[in-house]
Amino acid sequence: MQFAVLENTDDDTDPGVLLDRERMRLAIDEARAALVHEDVPVGAVLFDAEGHVIGRGHNRREERGDPLAHAEVEAIRQAARERGLWRLDGTVLYVTLEPCAMCAGALVNARVGGLVYGARDPRAGAVESLYTICTDARLNHRLAVRGGVLEAECAQLLRDFFRRRR
């Protein structure tokens with residue numbers, strides 16, 4: 001799996017940091033797609049162990065009138081259809097915002113191997129901010145987690161969206 005748990009996300013020479021940034025930029029592009037239909041700009045891209053994109057998603061709750069249409073769930077569903085399996089072992093999800101409880105639970109249940117997220121979510125984040133669902137030893141699956149990748153850019157996209165809505 002191409003996923004490195006790194007303490008310093010500012011090292012411009014580390015190949016793992018550069019790869020994480022490149023992939024997060026794809027998730028940011030997905031987040032921007034949510035703006036077209038006035039959804040909160042959150043984007044997610046799921047990679048297999050070989051580094052191929054197997055799932056993409058962005059928030060579509062407003063567009064579909066579906067409270068479960070979060071970016072992470074959209075990417076997981078697409079990948080499961082692509083693979084023909086619900087188990088997504090060896091995959092890594094890149095998402096612009098720390099997942100909520102529902103999405104963190106979906107990552108665990110789909111057996112995703114790793115999570116890299118951009119902005120922390122102090123109000124609803126269930127990976128590190130409020131809860132630690134993805135790393136909870138009481139659950140039957142845990143995944144490697146790294147937050148803060150292109151955090152400022154991811155957070156600014158959200159701030160701009162909510163500023164325009166006020």
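One can find the structure itself at the top, above this paragraph.
Read on for a plain summary of the structure. Just so you know, these numbers come straight off a predicted model, no measurement behind them.

## Considerations on the overall build of the protein
Part 1 of the reasoning: When helices and strands are counted, the protein shows 5 helices and 5 strands.
Part 2 of the reasoning: Against the 2.2 N^0.38 benchmark of 15 Å for 166 residues, the protein shows a C-alpha radius of gyration of 15 Å, consistent with a compact globule.
Part 3 of the reasoning: Expressed along its principal axes, the backbone C-alpha trace of the protein runs to roughly 40 × 35 × 30 Å.
Part 4 of the reasoning: Every one of the 166 residues in the protein was classed for burial, and the buried ones make up 50%.
Part 5 of the reasoning: Surface exposure of the protein reaches about 8300 Å², of which carbon and sulfur atoms provide 49%.
Part 6 of the reasoning: On the protein, the mean spot of the 23 positive side-chain charges and the mean spot of the 27 negative ones are 4 Å from each other.

## Some words on the pairing of strand 4 (residues 114–119)
Part 1 of the reasoning: In terms of burial, strand 4 is largely enclosed, as 6 of its 6 residues are buried.
Part 2 of the reasoning: Across 5 bridges, strand 3 (residues 92–97) lies against strand 4 in parallel orientation. Across the sheet, residue leucine 97 finds its bridge partner in strand 4, namely alanine 119.
Part 3 of the reasoning: Relative to strand 5 (residues 144–147), strand 4 runs parallel, the two sharing 4 bridges. What sits directly across from glycine 114, in strand 5, is alanine 144.

## Comments concerning the packing of helix 3 (residues 71–83) against helix 4 (residues 101–109)
Part 1 of the reasoning: Between helix 3 and helix 4, the shortest axis-to-axis distance is 9 Å and the interhelical angle comes to 25°. Viewed along their axes, helix 3 and helix 4 adopt a mutual orientation that is roughly parallel. In the crossing of helix 3 with helix 4, the sense of the turn from one axis to the other is left-handed. Across the interface between the two elements, Glu72, Val73 and Ile76 of helix 3 pack against Met102, Cys103, Ala106 and Leu107 of helix 4.

## Re the environment of aspartate 136
Part 1 of the reasoning: Inspection of the secondary structure assignment puts aspartate 136 in the loop between strand 4 and strand 5.
Part 2 of the reasoning: Along the sequence, aspartate 136 and valine 108 sit 28 residues apart, while their C-alpha atoms lie 9.8 Å from each other.
Part 3 of the reasoning: A polar contact is formed between the side chain of aspartate 136 and the side chain of arginine 138, at a distance of 2.6 Å.

## Some details on the side chain of histidine 141
Part 1 of the reasoning: Mapped onto the secondary structure, histidine 141 falls in the loop between strand 4 and strand 5.
Part 2 of the reasoning: Judged by relative accessible area, which is 14%, histidine 141 ranks as buried.
Part 3 of the reasoning: Only 2.8 Å separates the side chain of histidine 141 from the backbone oxygen of valine 112, close enough to count as a polar contact.
Part 4 of the reasoning: Sequence-distant contacts of histidine 141, that is, excluding residues within four places in its chain, are made with Leu107, Val108, Arg111, Val112 and Cys134.

Conventions used here
Residues numbered from 1 in each chain as written. Predicted model: local features only at pLDDT ≥ 70, side-chain atom pairs only at ≥ 80, totals over all residues. Heavy atoms only, no water. Helix = DSSP H or I, 4+ residues; strand = E, 2+ residues; numbered from the N terminus. Rg over C-alpha atoms; globule rule 2.2 N^0.38 Å. Buried < 20%, exposed > 50% of the residue type's maximum accessible area, 1.4 Å probe, protein only. Areas by Shrake-Rupley, 256 points an atom, 1.4 Å probe, with all protein chains shown as cover. Lys, Arg positive; Asp, Glu negative; His and termini not counted. Charge placed at Lys NZ, Arg CZ, Asp CG, Glu CD. Pairing = 2+ DSSP bridges. Axes fitted to C-alpha atoms, helices over the stretch in contact; angles between N-to-C directions. Parallel < 35°, antiparallel > 145°, perpendicular 65-115°, else oblique. Left-handed = near helix turned anticlockwise from the far one by under 90°. Contact = heavy atoms within 4.5 Å. Polar contact = N/O pair within 3.5 Å; in protein donor to acceptor, adjacent residues only side chain to side chain.

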